Amino acid sequence: GEAGAAGKGAAGKGAKVRRVKAPVTFHLALSKTEYNKTDPIEATVSLKNNGKKPVWVNTRFYVNAPEQPPEEREVLLEVTSPTGERLPCIFSYPTGFPKSDYFQRLPGGQTAAAEHPRDLRNYFRFETPGRYTVVGIYENVFGPELGLPAFTGPAKSKPVILTIT
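The rules behind the values
Chains are numbered independently. Their residues run from 1 in the order of the written sequence. With the structure being a predicted model, the display of local features is reserved for residues of pLDDT at least 70 and the display and counting of side-chain atom pairs for 80 or more, all residues being used for whole-chain, interface and lining totals. As a convention, hydrogens and water are excluded, and side-chain values are obtained from all of the structure's heavy atoms. Only DSSP runs of H or I reaching four residues or more are called helices, and only runs of E reaching two or more are called strands; each is numbered from the N terminus. Here the term buried applies to any residue with accessible area under 20% of the maximum for its type, exposed to any over 50%, and partly exposed to those in between, with areas from a 1.4 Å probe on protein chains only. Contacts are assigned to residue pairs with any non-hydrogen atoms lying within 4.5 Å of each other. By nonpolar core is meant a set of buried Ala, Val, Leu, Ile, Met, Phe, Trp, Tyr and Cys residues that side-chain atoms within 4.5 Å join together. Note that patches include only residues with greater than 30% relative accessible area and no salt bridge, and the join distances are 9 Å for like charges and 5 Å for nonpolar side chains (Val, Leu, Ile, Met, Phe, Trp, Tyr). Areas reported as accessible are Shrake-Rupley estimates using a 1.4 Å probe. Residue values count occlusion only from the protein chains shown. Salt bridge, as applied in this entry: a Lys or Arg side-chain nitrogen positioned within 4 Å of an Asp or Glu carboxyl oxygen.

Enquirer: Looking at this model, I keep getting lost on the overall build of the protein chain. Mind explaining?
Expert: Looking only at helices and strands, the protein chain features 0 helices and 11 strands. Going from N to C terminus, the protein chain has its helices and strands arranged as β-β-β-β-β-β-β-β-β-β-β. A total of 165 residues make up the protein chain; the buried ones form 46% of that total. For the protein chain, long-range pairs separated by at least 24 residues make up 77% of all intrachain contacts whose partners lie at least 6 apart in sequence.

Written out as structure tokens, the structure reads:
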């Protein structure tokens, strides 16, 4: 694909998204389960095509705050603190359109992972010692403007548990 940004199209702000269903699951994995107060909390995200037919997927995996509209993120993280409260996302940035290079044709049975792990400390304040639960939600609104029937989701990961000591 071309290296430029995808142009405005079917997924412009406020546009109705045509859902593309597929047997795709979203996965969130941590580098370890226990962290001290300063360790980076590295999370890897990926999509797996559990079907037999190839599926187009957006592998930008941009993480942003829930206050941002879906066209400003592909990944939303929900972090629950040891007290049961949902942690607010402390990082938010308008992302714009993904490059066409981020779209991959994912064969059946294959997985597409983010290029780099995400340090969850860049998005959340893990200040209280104890157990945290993290769930990732993947949702993509792009593809039609490139003529690609890309998987839209939403797809929710299984919860992962981490402990801050």
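Enquirer: I would appreciate a short explanation of the nonpolar core in the present structure.
Expert: Side chains of a nonpolar character, in soluble globular proteins, are inclined to be buried together. With 34 residues, the main nonpolar core has F126 and L162 as its most contacted residues. Of all elements in the fold, only β1 (24-30), β3 (42-49), β4 (55-58), β5 (75-80), β9 (130-138) and β11 (160-164) reach the threshold of two or more residues within this core. Look past the residues within four positions of L162 in its chain and what remains in contact with it is L30, T33, Y35, I41, F126, G130, R131, Y132 and V134. Counting residues in hydrophobic clusters, the runner-up holds 5 residues, among them V141, F142, L148 and A150.

Enquirer: In this structure, what is going on with a nonpolar patch on the surface? I would like to understand it.
Expert: Together, I90, F91 and Y93 make up a nonpolar patch on the protein surface, roughly 280 Å² of accessible area in all. Inspection of the secondary structure assignment puts I90 in the loop between β5 and β6 (103-106). Accessibility expressed as a relative area gives 38% for I90, which makes it partly exposed.

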